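Listed here are the chains, written in short residue letters.
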Amino acid sequence: MIQLDVTSAETERLSEIWGLSPDEKTVAMWQGENDLILWNLDKGEAERVPIMWNPGEGDRRTEKAGLCSVAWSPDSQQLAYVQASCPQPSSTLMFFVIHVDLSGMEQRLLRTLQGYFSVDIQWETASQIKLRGCRLTDYKKWALDFDDWVLDPVTGELESVP
């Protein structure tokens, strides 16, 4: 996402990870290392939503986190994001699927995934979030393998999709 100053014609890169709500009133985007920003397009105001740090393991802020993707619920009242984190320099990359209830800005961990180098998210219906994990199967040939799942946003139950 790029911001354009119409008076000076200068541009500024704001974020590469962003999503427009289905009602087209809010943009969610990743900014920096620890905030999800919600831009209210009608009011021109932004609200910061601090990301969860080490979901399920306390609030240890020693490593960098990154947002991989963000998805809005069909009614624009909730969102989910995939956060990547590497707890130790040589450890496996961890992906956390986080649910955000926008009415109270409450966040909860839905699922943890590892063994992938990329995880994408799409909120399909009120009761169905689609996830796709991508992993390298042959490092020399850059052969990729994909795993697809359907995630229930209420229970966090994960079902593999053939």
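Scroll up a little and you will see the structure.
Right, let's walk through the structure included here. All figures in this text were calculated on a predicted structure; none of them were measured in a lab.

Here we come to the overall build of the protein. Looking only at helices and strands, one finds 0 helices and 14 strands in the protein. Listing each helix as α and each strand as β along the protein from the N terminus yields β-β-β-β-β-β-β-β-β-β-β-β-β-β. A total of 162 residues make up the protein; the buried ones form 37% of that total. When contacts within the protein are restricted to residue pairs at least 6 apart in sequence, long-range pairs at least 24 apart make up 32% of them.

Spatially, β3-β4-β5-β6 is the arrangement adopted by the 4 strands of the open sheet, whose pairing is antiparallel. One side of each edge strand has no neighbouring strand; the edge strands of this open sheet are β3 (18-20) and β6 (45-50). Here the average twist between neighbouring strands, direction ignored, is 20°. With 3 bridges connecting them, β3 and strand β4 (residues 26-31) associate as antiparallel partners. Paired with L20 across the strands is V27, a residue of β4.

The next thing to look at is the pairing of β6. Strand residues, when the strand is regular, have side chains that alternate between the two faces of the sheet. Looking at chain direction, strand β5 (residues 35-40) and β6 are connected through 6 bridges and run antiparallel. Along β6, the bridge assignment pairs W39 with A46. Counting the residues that bridge the hairpin from β5 to β6 gives 4 residues, and of these G44 lies at a positive phi of roughly 70°.

Now for the side chain of S69. Its place among the elements puts S69 in strand β7 (residues 65-72). Of the polar contacts made by the side chain of S69, one reaches the backbone nitrogen of I121; its length is 3.2 Å.

Its location among the elements puts E45 in strand β6. Residue classification places E45 among the partly exposed residues on the basis of a relative accessible area of 49%. Distance in space between the C-alpha atoms of E45 and T26 is 9.7 Å, their sequence separation being 19 residues. With near-sequence residues (within four places) excluded, E45 lies in contact with L38, W39 and N40.

The rules behind each value
- Residues numbered from 1 in each chain as written.
- Predicted model: local features only at pLDDT ≥ 70, side-chain atom pairs only at ≥ 80, totals over all residues.
- Heavy atoms only, no water.
- Helix = DSSP H or I, 4+ residues; strand = E, 2+ residues; numbered from the N terminus.
- Buried < 20%, exposed > 50% of the residue type's maximum accessible area, 1.4 Å probe, protein only.
- Contact = heavy atoms within 4.5 Å.
- Pairing = 2+ DSSP bridges.
- Axes fitted to C-alpha atoms, helices over the stretch in contact; angles between N-to-C directions.
- Polar contact = N/O pair within 3.5 Å; in protein donor to acceptor, adjacent residues only side chain to side chain.

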